[in-house]
Amino acid sequence: MEWLKYLILPFVITLVTTPLVIWIAKYIDAYAKINERTIHTKKNIARIGGVAIYVAFMISMTCFMKSDTQIRGMLLGASIMFFGGLIDDLVDLSPKKKFAFQVVASLIVIFYGNITLDKIFLPLGIVIDMGFVSTIVTFFWLTGITNAVNLIDGLDGLADGISLIILVVVASLGVIDNRPDIMHISLILAGSLAAFLIFNFYPAKVFLGDCGALFLGFMIATISLIGFKSSTFITLGVPILMCGVPIVDTLSAIIRRKLSGKKIDEADKNHLHHVLMRKFGHKNTVLILYAVTICSGIVAYIYILNKDIGLLLLFIELVVCEIFLEKTQMIASWFHPMTSIVNFLKMKKENKK
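It should be emphasised that the depicted structure is a prediction, and the values quoted were computed from it without experimental measurement.

Cut-offs and rules
- Residues numbered from 1 in each chain as written.
- Predicted model: local features only at pLDDT ≥ 70, side-chain atom pairs only at ≥ 80, totals over all residues.
- Heavy atoms only, no water.
- Helix = DSSP H or I, 4+ residues; strand = E, 2+ residues; numbered from the N terminus.
- Expected span 1.5 Å × (residues − 1).
- Buried < 20%, exposed > 50% of the residue type's maximum accessible area, 1.4 Å probe, protein only.
- Contact = heavy atoms within 4.5 Å.
- Core = buried A, V, L, I, M, F, W, Y, C linked by side-chain atoms within 4.5 Å.
- Salt bridge = Lys/Arg side-chain N within 4 Å of Asp/Glu carboxyl O.

Visitor: Would you take a moment to explain helix α12 (residues 282-305) for this structure?
Guide: Taking 1.5 Å per residue, 24 residues should reach 34 Å; α12 reaches 35 Å between its end C-alpha atoms and fits that length. Those residues of α12 that sit buried are H282, T285, V286, L289, Y290, T293, S296, G297, V299, A300 and Y303.

In structure tokens:
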């Protein structure tokens, strides 16, 4: 039961500091804005809740983890990401300036922390040696997952809860592969998120803000890379599968905005959680996306134990995802490749009769 301490300390710290952060937000007028793009209608909700998570995580890491180059690189990069998000929460940075913080944070992880995606372990025993492109792929992985988690931070408790589920699964995978470092880091961050969710779940008293969402996304991306660096326990498919909700949402948003002639960073109300909320409501949508992430976590866990069954379940999950995208028209009203193929095969079969 020694692992409990990695959960309890950050949980207690976050539980104590979150009300303080809410008070500070009130004092400095750091509230979430209400406009045509936002879903919440309640005024005066603190938007810098990520401060409590960051403080709890850093204190707990200092208490429990031994410092090495990778740990220092991860913490320094994550800190830059956090402070970049915090500045944005307070003064609204331009997209270019926000991305500049992401670039600096990623480069620190890559070059100072020496954390890169050297090899990709694919199903059927296929290993791809990234070679000289490893730096580029690592950079896009870090910034991509970071922004994916930030994009789903649109409903009360959504990004927090999904990140919590991902980290718990990654911690359990760390146990299987005898990676206590991965397990401990994941549990520390999970403990902080569990306490924050008490205040962040619908109806939220405080929001993560960019400081929290960007920090979480960056940490999840970096933790998976640490696993990549010296172990096969997190293959490329597992972190992608675990981050399925934010990744699908991000890719759909990029394609949707490109097809409609909009800028990639232009906000809209056609994200996955928006689509579901129009049908199921705020709280139920969050719970549905929790369930989807848990299912993805189970598939990832099964894949580690039995690759054949895991691949079959992964294929089924991808098919269901594609059908959902087509039925909800998240990308475009005319985007329905799978439905078109099915209809074509039906017509061909009927013509033969």
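Visitor: What am I meant to see in the side chain of S134 here?
Guide: As for its position among the elements, S134 is in helix α5 (residues 134-151). For S134, a relative accessible area of 9% translates into the label buried. Not counting residues within four places of it along the chain, the set of residues in contact with S134 comprises T116, L117 and D118.

Visitor: Explanation requested: the nonpolar core in the structure shown.
Guide: Nonpolar side chains tend toward joint burial in soluble globular proteins. Ranked by internal contacts, the top residues of the largest apolar core, which has 69 residues, are F57, M61, M74, I185, L189, F215 and M219. Residues in contact with M61, not counting those within four places in the same chain, are I71, M74, L75, I185 and I188.

Visitor: Mind showing me how you'd approach helix α4 (residues 95-112) here?
Guide: In an α-helix, one full turn covers 3.6 residues, which means residues spaced three or four apart are oriented alike. If you check α4, its first and last C-alpha atoms are 25 Å apart, about what 18 residues at 1.5 Å a residue would give, namely 26 Å. Regarding α4, the residues found buried are Q102, A105, S106, I108, V109 and I110. A positive phi of about 55° marks N114, the residue just after α4.

Visitor: How should I be thinking about the pattern of salt bridges in this particular structure?
Guide: Opposite charge on two side chains permits them to pair, given that their charged atoms come into close proximity. Taken as a whole, this structure holds six salt bridges when the rule is applied. Taking the shortest distance from any N to any O, the salt bridge between D92 and R47 comes out at 3.8 Å. Of this pair, D92 sits in the loop between α3 (69-91) and α4 while R47 sits in the loop between α1 (4-28) and α2 (50-64), and the two are 45 residues apart along the sequence. On the basis of relative accessibility, which here comes to 14%, the residue R47 falls in the buried class. Across the pair K98 and D88 runs a salt bridge whose closest N-O atoms are separated by 3.5 Å. Note that K98 is positioned in helix α4 and D88 in helix α3, a separation of 10 residues in sequence. Taking relative accessible area as the criterion, D88 reaches 6% and is therefore assigned buried. Residues joined in a network through salt bridges with shared partners are R47, D89 and D92.

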